[in-house]
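Structural overview for review
Residues per chain are reported as follows:
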Amino acid sequence: PKEIPFDRACLIGCGVMTGVGAVFHAAKVEPGSTVAVIGCGGIGLSAVNGAAIAGAERIIAIDTNASKLEKAREMGATHTINASNVDPVAAVKDMTDGKGVPYSFEAIGLKTTAEQSFAMLRPGGVATIIGMIPFGTKIELHGADFLRDRKIQGTSMGGNRFRVDMPRLLELWRQ
């Protein structure tokens, strides 16, 4: 629509679509759940905001930059972890009474953070890799961890349905 500025539409059509889509479509976050998001750049912040819109009760934002963590709170994070001075997996486990989270999102594109997103899952949880891990990089996971029904998946553009999601996200922005 003409009333939507192009500088907003382009962000929604890329970063927001990817982060929110990962929450809504790839992981299918349920209301009342706990979510952890590793990386609070544009896509990670969109995943945080998407988790809030989806009705997640606890949203844990993880980054090494304090100002990004502050912005994550503005976008809906209920808890933050500064990974520059703590082990994010241990911190998430502490926050969840040792259980881990049912949903985690990796929005950086690094081997280490992808592995951390899987390690912080509770049994039956799903880790969604949004970040673009460099071609040729291998992720290492312990085989026994899969016996706890944990899953890891990737997503491209959040699995969006552009013709449905773009108008929906624009309406949410208007609101």
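Parameters and conventions
For every chain, the first residue of the written sequence is number 1, and numbering continues from 1 along that sequence. Thresholds applied to this predicted model are a pLDDT of at least 70 for local features of residues and 80 or more for the giving and counting of side-chain atom pairs; totals over whole chains, interfaces and linings are not thresholded and use all residues. Note that water and hydrogens are dropped before the side-chain values are worked out from all heavy atoms of the structure. Only the contacting stretch of a helix is used when fitting its axis, a line to C-alpha atoms as for every element, and angles between N-to-C directions run 0 to 180 degrees. Only DSSP runs of H or I covering at least 4 residues are called helices, and only runs of E covering at least 2 are called strands; the numbering of each starts at the N terminus. We call two directions roughly parallel when the angle between them is under 35 degrees, roughly antiparallel when it is over 145, roughly perpendicular when it lies between 65 and 115, and oblique otherwise. Whether two residues are in contact is decided by their heavy atoms, any of which lying within 4.5 Å being enough. Throughout this entry, Asp, Glu, Lys and Arg are counted as charged residues, while Ala, Val, Leu, Ile, Met, Phe, Trp, Tyr, Cys and Pro are counted as nonpolar. The remaining residues, Gly among them, count as polar. Bend is computed residue by residue as the angle between axes fitted to the seven residues ending at the residue and the seven residues starting at it. By this rule, a helix spans an expected 1.5 Å times one less than how many residues it contains. Per-residue accessibility, obtained with a 1.4 Å probe over protein chains only, is compared with the maximum for each type, and a residue is labelled buried under 20%, exposed over 50%, and partly exposed between these values. The directions from the helix axis to the C-beta atoms form the arc being described. Strands are labelled as partners when DSSP assigns at least two bridges between them. Handedness of a crossover: with both strands directed away from the viewer, a clockwise path from the first strand across the helix to the second marks it as right-handed.

1. Some words on the packing of helix α1 (residues 6-27) against helix α6 (residues 162-174)
For the pair α1 and α6, the least separation of the axes is 10 Å and the interaxial angle reads 105°. By the angle class used here, α1 and α6 are roughly perpendicular. On α6, the residues that touch Arg8, Ala9, Ile12, Gly13, Val16, Met17, Val20, Phe24 and His25 of α1 are Phe162, Asp165, Met166, Arg168, Leu169, Leu170 and Trp173. Split by residue class, the contact of α1 with α6 holds 11 nonpolar, 2 polar and 3 charged.

2. Examining α1
Where α1 bends most, at Met17, the angle is about 45°. Positioned one or two residues after α1, Lys28 has a phi angle of 55°, which is positive.

3. A word on the environment of Trp173
Counting through the fold element by element, Trp173 comes out in helix α6. Residues Trp173 and Ile4, spaced 169 residues apart in sequence, show a C-alpha to C-alpha distance of 9.4 Å.

4. Focus: α6
Between its first and last C-alpha, α6 extends 18 Å over 13 residues, near the 18 Å set by a 1.5 Å rise per residue. All buried positions along α6 are accounted for by Asp165, Met166, Leu169 and Leu170. Along the axis of α6, the buried positions cluster into a sector of 130°, meaning they face one direction only. In this structure, the buried side of α6 is in contact with α1.

5. Observations concerning the pairing of strand β4 (residues 101-106)
Burial within β4 is extensive, with 6 of its 6 residues counted as buried. As paired elements, strand β1 (residues 34-38) and β4 share 4 bridges and run parallel to each other. Looking at the pairing, Ile38 lines up with Glu106 of β4. Bridging between β4 and strand β5 (residues 121-129) involves 5 bridges; their strand directions are parallel. Bridging across to β5, Tyr103 finds its partner in Val126. In this view, the connection linking β4 to its parallel neighbour β5 by way of helix α5 (residues 111-119) has right-handed handedness.

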